[in-house]
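Spelled out from the first residue to the last, the chains are:
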Amino acid sequence: MAAATGVVMLLAAALAILAPSTRALDRAEFPPGFLFGAATSAYQIEGAYLEDGKGLSNWDVFTHTHSGNIADGRNGDVADDHYHRYMHGTESAHRQSPEDVEIMHSLGVNSYRFSISWARILPRGRLGGVNSAGIAFYDQLIVALLQKGIEPFVTLHHFDLPHELETRYGGWLGAGIREEFDHYADVCFQAFGDRVKFWTTFNEPNMMTRLTYMLGMYPPNHCSPPFGNCNSGNSQWEPYVAAHNIIMSHAAAVDNYKKNYQAKQGGSIGIVISMKYYEPLTNTTVDILAARRALSFEIHWFLDPIFFGEYPKEMREMLSSNLPKFTLAEKILLENKVDFIGVNHYTAIYAKDCISSPCDLNTYEGNALVFATGQRDGVQIGKSTALVGFYDVPEAMEQIIKYVNQRYENTPIYVTENGYSQHNSNSMEDMINDVGRVNYLRGYLSSISSAVRRGANVHGYFVWSIMDNFEWVFGFTVRFGMYHVDFTTQERTPKMSAKWYRDFLMGYAPLGEVQTLRADS
Ligand code: BGC
């Protein structure tokens, strides 16, 4: 008997080790009320860049003035034309074609994560008026979603801001932007908060500030050596000044929401952070420390102030006076806690130390004195995807969830983005048969389900993205959608992944049955 029990325990342990890849993926394993959705952002899908009173955003101006910085020289003027196609049958003549809300409904998602275009709501910022057509657009979108049983999950800032604020304050570099964001958030809470129960202040400010002010890739292209050669900027301190203004803008919006809206509206508020998972390249102490440092510069940079009122030790030591300090008043404002953490997780990568031996620092991790690589002894950490540096490493999802739960007081997590990029191809068949994406989504969802079984505090998952869209500096050269979009006709066509996700959501796709898809992409 004892021996039999021992065998059962060994088997259970073996299964636990093999998980998540060997267990069936079943929606029923996720807690009741778990949000399953898909995500987008305003600039990437809406189009209608000058319509109905919208002001120019920093991305409108950048893509027009710096088209050479975008892989295909294109822009988001039309993008997915979602502004006109979010819903079938709205009265307006140009909104006759189906369909985005219907597409989501047909997939069976119970939530949709989208962002609001600040320039559509407040074209000139706080000093101009509220654009009622902008309010009406999001109002109708929210109503359409709720009518289909889809919970709106709303981001206030996803990289785009009114161009006028870029000019007036130098974007996030000027402290005056804090009041602007506070005002914008307040307008949104007031207009939509009776129906929106999930708010996030910022999307990936940790990635945005590095790409904008350190590497000079995003508008307004600021950087300095060794991170790059731009016409202006200072990569040593601008990212941290911008981040400080963002953290305090976030804190002010959370404070306002908690004091003036939360009790009557009954929603929750959080922030979304981009989270790569860093594995030490070797098991030497220097690489182990490098991986920790990379996680600190990636995650702790924003979440430590929000949870503990202070920047992480590694950053304070390494950046010294380039890193701003929180005043007492700022620390008090930061005492408001977020209700949840949004985790955008796509990939894992190896971290190599650059303190003990020199390396190229003109990279995303350069400020942490870390070099990131997908290769260890000639073996790749996971399968490649179309975006360089993004690998398919599903088990890292569980690691990152565990890490964030442990470090940040077991605060509820929503996986607000996770997805797979494909290259553009001339063959529609190639693009529709997105086996690589099916495998990717299945792997990452299995990893979340494994985390859930082990008690992780995770409550939702959003695929990036519902449909192909404008992928920032990559323009339309890579595709992240479960729906293929023909950018000439705007026709949306479900890919294999859309069918797979729908089957999973309907409870039809146990893991074993889709194993055959592993054939490869
Ligand atoms: C961003 C999205 C982007 C996606 C894929 C995330 O960093 O939030 O806007 O399209 O990754 O690159």
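Reading the values: the criteria
- Residues numbered from 1 in each chain as written.
- Predicted model: local features only at pLDDT ≥ 70, side-chain atom pairs only at ≥ 80, totals over all residues.
- Heavy atoms only, no water.
- Core = buried A, V, L, I, M, F, W, Y, C linked by side-chain atoms within 4.5 Å.
- Buried < 20%, exposed > 50% of the residue type's maximum accessible area, 1.4 Å probe, protein only.
- Contact = heavy atoms within 4.5 Å.
- pLDDT = per-residue confidence, 0-100.
- Near = heavy atom within 4 Å.
- Polar contact = N/O pair within 3.5 Å; in protein donor to acceptor, adjacent residues only side chain to side chain.
- Areas by Shrake-Rupley, 256 points an atom, 1.4 Å probe, with all protein chains shown as cover.
- Pairing = 2+ DSSP bridges.
- Helix = DSSP H or I, 4+ residues; strand = E, 2+ residues; numbered from the N terminus.
- Axes fitted to C-alpha atoms, helices over the stretch in contact; angles between N-to-C directions.
- Phe/Tyr/Trp six-rings, centres within 6.5 Å; stacked < 30°, edge-to-face > 60°.
- Lys NZ or Arg CZ within 6 Å of the ring centre and 35° of its normal.
- Left-handed = near helix turned anticlockwise from the far one by under 90°.
- Nonpolar A, V, L, I, M, F, W, Y, C, P; charged D, E, K, R; others polar.

### Overview of the nonpolar core
If you look at the biggest cluster of nonpolar residues, it comprises 156 residues, and the most contacted ones within it are Trp172, Trp199, Tyr461 and Tyr501. Not counting the four nearest positions on each side in its chain, Tyr501 is found in contact with Phe36, Gly37, Leu107, Val109, Leu445, Tyr461, Val463 and Met482.

### With respect to the confidence of the model for the chain
Scored by pLDDT, the chain has a mean of 92; 91% of the residues are at 70 or more. Scored below 50 in pLDDT, residues 1-22 shows 11 contacts in the model against residues more than four places distant or in partner chains. Every residue in residues 89-98 is under pLDDT 50, and counting partners more than four places away or in other chains gives 20 contacts.

### Here's the deal with the site of the ligand
By nearness alone, 13 residues border the ligand, and Gln44, His158, Glu204, Glu471 and Trp472 come closest of all. Glu204 has a polar side-chain atom sitting 2.5 Å from an oxygen atom of the ligand. Glu417 is positioned such that a nitrogen or oxygen atom in its side chain is 2.8 Å from an oxygen atom of the ligand. For the ligand, whose unbound accessible area comes to 310 Å², protein coverage reaches 96%.

### Quick word on the sheet that holds strand 16 (residues 458-464)
The strand order around the closed barrel built from eight strands is 1-2-3-4-5-7-14-16, with neighbouring strands paired in parallel fashion. Going across the sheet, the axis of each strand differs from the next one's by a mean of 25°, ignoring polarity. The sheet contact formed by strand 7 (residues 340-344) and strand 14 (residues 413-417) spans four bridges and is parallel. Paired with Gly342 across the two strands is Tyr414, which belongs to strand 14. Lying over the sheet, helix 17 (residues 435-453) contacts strand 1 (35-39), strand 14 and strand 16, oriented at roughly 175° with respect to strand 16.

### Some thoughts on the packing of aromatic side chains
For the structure on display, the rule yields 51 aromatic pairs. Plain terms: the ring middles of Tyr86 and Phe137 are 5.4 Å apart, the flat faces sit at 85° to each other, and that makes the pair edge-to-face. Residue Tyr86 is located in the loop between helix 4 (82-85) and helix 5 (100-107), and its partner Phe137 is located in helix 7 (residues 132-147); the two are separated by 51 residues in the primary sequence. Judged by its relative accessible area of 0%, Tyr86 is buried. When its relative accessible area of 1% is taken as the criterion, Phe137 is described as buried. Its guanidinium or amino end placed over the ring of Phe137, Arg120 lies 5.9 Å from that ring's centre, counting from NZ or CZ. One residue, Arg210, lies across the ring of Tyr364, its end atom 4.0 Å from the ring centre.

### Looking at the packing of helix 12 (residues 285-308) against helix 15 (residues 395-407)
Interaxial distance between helix 12 and helix 15 falls to 11 Å at its minimum, and their mutual angle equals 30°. Crossing handedness for the pair helix 12 and helix 15: right-handed. For the pair helix 12 and helix 15, contact is made by Leu295, Ile299, His300, Asp304 and Phe308 and by Ile400, Tyr403 and Arg407, respectively. Looking at side-chain class alone, the contact of helix 12 with helix 15 contains five nonpolar, one polar and two charged residues.

### Points about the side chain of His250
Within the element layout of this structure, His250 appears in helix 11 (residues 238-265). Judged by its relative accessible area of 2%, His250 is buried. Within the structure, His250 has its side chain in polar contact with the side chain of Thr201 (distance 2.7 Å). Ignoring sequence-local partners within four residues, the contact set of His250 consists of Thr201, Phe202, Gly270, Ile271, Ile306 and Val338.

### Observations regarding the pairing of strand 8 (residues 348-353)
In terms of residue burial, strand 8 counts as a mostly covered element, since five of its six residues are buried. Strand direction decides the pairing type here: strand 6 (residues 277-280) and strand 8, joined by four bridges, are parallel. Paired with Tyr278 across the two strands is Ile349, which belongs to strand 8.

### Some points on the side chain of Glu417
Relative to the helices and strands, Glu417 resides in strand 14. Looking at Glu417, its side chain comes within polar contact range of the side chain of Asn344, at 3.1 Å. When neighbours within four sequence positions are excluded, Glu417 is seen to be in contact with Ala39, Arg113, His158, Asn203, Glu204, Val343, Asn344, His345, Tyr346, Phe462 and Trp464.

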